[in-house]
Amino acid sequence: AVEGLAKICIPDPQLYRRENGLYEPSWAPVFYNPKMIENRDICVAFLKMMLEERRDIVVLDPLAATGVRSIRIALEADPSRDFIALYMGDISLNAVEIMRHNIELNNINKNVFIRHADANEFIYQLVKREGIAPSYIDIDPFGSPAPFVYAALNGVKRDGVVALTATDLAVLEGRYKSKLFRRYGVVGVKAVQSKDIALRVLLSFIVRAAAIYDRYIEPVISYAMNHYVRVYVKVSKGGLKADKILKNCLGVAWCCTNCSYSYMDYMENNIHRSVKCPVCGGRLDPIYPIWICGIGDEKHIEKLIGIANEMYWLQKSSRVLLENIYRVSRVNSLTTRLTYLAKVFKINVPSTYDVVECLQQKGFRASRSYIYSDGVATNASINDLIECMKR
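Scope of this entry: the structure provided in the associated data block. Keep in mind that what you see is a predicted model, and the values were worked out from it rather than measured.

A few words now on the pattern of salt bridges. In this structure the tally under the stated criterion is 21 salt bridges. A salt bridge links Arg40 to Glu3; its shortest N-O distance comes to 2.6 Å. In this pair, Arg40 is assigned in helix H1 (residues 37-53) and Glu3 in strand S1 (residues 2-3), connecting sequence segments 37 residues apart. With respect to burial, Arg40 and Glu3 carry one shared label: buried. Residues Asp138 and Arg230 are paired through a salt bridge, measuring 2.7 Å at the closest nitrogen-oxygen approach. Within this pair, whereas Asp138 is found in strand S6 (residues 136-139), its partner Arg230 is found in strand S9 (residues 228-237), the two being separated by 92 residues in sequence.

Spelled out as structure tokens, the structure:
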């Protein structure tokens, strides 16, 4: 397979297809998912951006599988391989063998190190025994990143970045309430804007895990796509700052599953009270604790877009995704679904373009959702949004 500037040896997809013909990467002896190209495209551009801001970066990819992510970082973010040291590992011996083969195939032996190890063991061994603190740790498992979060947050260098992918969307979205609480410590239900919630549930879990080590996080970029959510967080030290972040950035989302009205509030307000939806009169369900602060840094996302546009070999879909992420990150709100609101008021569903334009003319920040075709994110009141809909 060819991805980006890398040539990768992968298991034959034809041998691991379902009866309906779809390739099932989890059935293969070494995991490789071609549908995660945008994920890796943005990762490579992110490392190139990191390299412009600092030198001598240590990258740790402890769930490397075929090694495609790290190989692409070496080829595309640091072609000279003078400024990035890459540590790759996997618990699977098959994966380690394919990794070694792919490194030879792409001729990138310089500053590349491979281990056969459990991911958490690899992180602790590198940091505690060898004194090597990674500037960037990438956690991209099949399923939940939860089992690897503590090691990554404790192991990353001060002001370093941890990037995490979660593909257990059904849990993060609140479809399985008991598992949501068991795995992420969040009480909730499946809301109409559940992918928005999924991102904030994951960030909530990460910030609480970081606080155990007197560390705090700042989201640089967060997004949802297809079957997964992905976050990049800067990890810094400071118990007092961690306390402040926990107080200001952990809260509750009140969501109406009937009309999609929602808002975020601080935790100290009584989450056990019964709250009626001001739009349709239904019940508002609380989801808590979730991350209620911004989910991305505008300046870094803007810079990332510029870097990605210079990397002509990246997928067009990756560049479009970054543009969409930038738009939505400028509006720190949950998505309102116009289809649900229109049903309540018995009107035709208006164009999201028209509603956004109307809200912007009123002086509010507003953006079309890239996740939901009928979604609008805005800092306007629900009354202003409904007024623009009815126009």
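Having seen it, we continue.
Assignment of secondary structure puts Asn324 in helix H11 (residues 316-329). Polar contacts involving the side chain of Asn324 include one to the side chain of Arg327, which spans 2.6 Å.

Let's shift gears to the state of the cysteines. Taken as a whole and judged by the stated rule, the model has two disulfides. Through a disulfide, Cys249 is tied to Cys293; the S-S separation comes to 2.0 Å. Residues Cys249 and Cys293 share a disulfide whose torsion about the S-S bond is about -85°; that sign makes it left-handed. One end of the pair, Cys249, is in helix H9 (residues 239-249); the other, Cys293, is in the loop between strand S12 (284-291) and helix H10 (298-310), with 44 residues separating them in the sequence. The class of Cys249 is buried, set by a relative accessible area of 6%. The partner cysteine of Cys358 in its disulfide is Cys388, sulfur to sulfur 2.1 Å. Taking the sign of the S-S torsion, about -75° here, the bridge from Cys358 to Cys388 comes out left-handed. With Cys358 in helix H13 (residues 352-361) and Cys388 in helix H14 (residues 382-390), this pair connects stretches of sequence that are 30 residues apart.

How each quantity is defined
- Residues numbered from 1 in each chain as written.
- Predicted model: local features only at pLDDT ≥ 70, side-chain atom pairs only at ≥ 80, totals over all residues.
- Heavy atoms only, no water.
- Salt bridge = Lys/Arg side-chain N within 4 Å of Asp/Glu carboxyl O.
- Helix = DSSP H or I, 4+ residues; strand = E, 2+ residues; numbered from the N terminus.
- Buried < 20%, exposed > 50% of the residue type's maximum accessible area, 1.4 Å probe, protein only.
- Polar contact = N/O pair within 3.5 Å; in protein donor to acceptor, adjacent residues only side chain to side chain.
- Disulfide = S-S within 2.5 Å.

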